[in-house]
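Structural features, examined
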Amino acid sequence: MTSTLLTGIGELTTNAPGVGTLADAALVMDAGRVAWVGPAVSAPDADEVVDADGRAVVPGFVDSHSHLVFAGDRAGEFAARMAGTPYAAGGIRATVAATRAATDEQLAANLARLVAEMRRQGTTTVEVKSGYGLTVADEARSLTIARQVTDETTFLGAHVVPAEFSDDPAGYVDLVTGPMLAAAAPHARWIDAFCETGAFDADQARAVLAAGAAAGLGGRLHANQLGPGPGVALACELGLAAVDHCTYLTDADVDALAASGTVATLLPGVEFSTRQPYPDARRLLDAGVHVALASDCNPGSCYTSSVPLCIALAVREMGMTPTEALLAATAGGARALRREDVGHLGVGARADVVLLDAPSHVHLAYRPGVPLVARTWVGGVGAR
Ligand code: NIG
Ligand code: FE
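What counts, and where the lines are drawn
Residues numbered from 1 in each chain as written. Chains lettered and ligands numbered in written order. Predicted model: local features only at pLDDT ≥ 70, side-chain atom pairs only at ≥ 80, totals over all residues. Near = placed C-beta within 6 Å. Nonpolar A, V, L, I, M, F, W, Y, C, P; charged D, E, K, R; others polar. Domains from an automatic or database assignment. Contact = placed C-beta atoms within 7 Å. Helix = DSSP H or I, 4+ residues; strand = E, 2+ residues; numbered from the N terminus. UniProt positions renumbered as here; feature names shortened; annotations may be inferred. Buried ≥ 20, exposed ≤ 12 C-beta atoms within 10 Å, placed from the backbone.

To continue, consider the site of ligand 1. Contacts to ligand 1 come from 13 residues, most closely from Ile-92, Phe-194, Asn-298, Gly-300 and Ser-301. Grouping the amino acids of the shell around ligand 1 by side-chain chemistry returns 4 nonpolar, 8 polar and 1 charged.

Structure (structure tokens):
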């Protein structure tokens with residue numbers, strides 16, 4: 001593999017302790033890793049040289065929450081929502097029906113399309129959940145397909161109770177924690193549940209997470225999205241890697257997050273697409289909570305694959321500075337996935353690098369909707 005010197009960087013955000021942000025910088029990628037960072041004037045030689053021409057370089061975005069294995073879309077539901085119909089978890093069942101009816105090839109092609117879309121927008125690590133199959137076979141195949149594009153796969157059999165179990169939710173939890181988990185676990189790194197009115201209550205979510213932990217899966221949770229609830233407290237009690245949405249929080253929830261190592265993952269594309277209030281990132285940051293930003297790309301509550309859009313929303317609507325929002329979308333996402341090799345550009349990190357068509361990372365929020373990603377490298381391998 002050839003080494004690459006990226007030089008002429010006007011602003012290099014490394015997120016690396018002791019390095020921080022450098023002006024007039026350079027970075028060397030070698031054997032898939034960041035091999036050197038420092039002032040451009042003292043950069044070592046490499047096989048290939050790329051001139052950033054004064055533009056900004058940031059770590060690749062770590063999108064720690066998405067649902068990309070599905071078929072169909074729910075544009076009609078979105079249009080109805082914009083005309084006043086509220087978002088409800090029940091819409092998930094429409095995507096479940098379409099996903100079950102799709103072939104493996106159709107699901108894989110749709111997934112590849114969305115991952116390519118993300119990559120063009122600077123995402124270099126993506127977590128992908130199942131959760132639109134909700135049978136033993138359909139959850140296992142969703143994870144098998146997801147595994148072809150990422151190691152960060154999450155079993156979300158506890159997304160909603162499918163129609164055929166409407167009269168027997170306890171039976172469905174038994175299926176999820178038994179045969180479905182057994183079929184899913186070999187293909188998954190994480191387990192997740194939707195702990196919300198209309199989906200699963202705290203006891204059901206606890207049972208699912210405990211079964212997942214016993215099968216060797218790390219835990220994460222959807223919680224406090226549609227209203228206040230017990231999910232955030234449960235996630236903190238269990239020491240999960242992350243609890244996601246966190247839109248409706250009590251002071252006790254914020255205190256529990258601050259006292260735990262659990263990352264609060266905020267998903268502002270959801271509030272944009274559902275017209276719900278945005279989560280208060282400022283309150284969380286001021287309390288010392290670790291915050292991540294992610295897309296939650298899915299056909300129902302939020303059909304954007306754009307982390308830059310999420311950064312812009314977090315800055316405009318949630319009280320984050322552009323620097324905090326970039327950190328949350330990179331190092332924050334990495335923390336939410338318990339990864340130390342991504343989310344920063346310190347020496348030794350995976351060479352996941354984004355060159356922006358802008359002089360500063362601030363432009364990610366300052367120029368919303370503008371495609372600012374000029375070039376990305378994943379593991380040192382470049383694509384335009
Ligand atoms: O994260 N909240 C639960 N799951 C998704 C929505 C899925 C859907 O509406 O299809 C979410 O928002
Ligand atoms: Fe989600």
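Bringing the domain arrangement of the protein into the picture now. Examined at the domain level, the protein breaks down into domain 1 (4-59 + 343-383) and domain 2 (61-336). With centres defined by C-alpha atoms, the gap from domain 1 to domain 2 works out at 29 Å. Each side of the interface is counted separately: domain 1 has 18 residues, and domain 2 has 21 residues. Elements supplying a minimum of two residues to the side of domain 1 that touches domain 2: β5 (56-59), α13 (363-366) and β16 (373-378). Counted by class, the side of domain 1 that touches domain 2 contains 11 nonpolar, 6 polar and 1 charged residues.

Under the UniProt annotation, the feature "binding site: Zn(2+)" (unreviewed entry) is placed at His-65, His-67, His-222 and Asp-296. Taking the farthest pair of C-alpha atoms as the criterion, the annotated set spanning 232 residues converges on one region, since that pair is 12.1 Å apart. Position of His-67 among the secondary structure elements: in the loop between β6 (61-63) and α1 (75-82). Exposure remark for His-67: the 28 C-beta atoms within 10 Å place this residue in the buried category. Non-local contacts of His-67, meaning those with residues more than four positions away in its chain, are made with Lys-129, Gly-131, Tyr-132, Cys-297 and Asn-298. Relative to the helices and strands, Asp-296 resides in the loop between β14 (291-293) and α11 (307-317).

Of note, His-245 is a non-glycine position whose phi angle comes to about 100°, a positive value. According to the C-beta neighbour criterion, His-245 is buried, with 28 such atoms within 10 Å. The phi dihedral of Arg-338 falls on the positive side, at around 55°, and the residue is not glycine. Positionally, Arg-338 belongs in the loop between α12 (322-336) and β15 (353-356). A residue is classified by how many C-beta atoms lie within 10 Å of it, and Arg-338, with 15 of them, is partly exposed.

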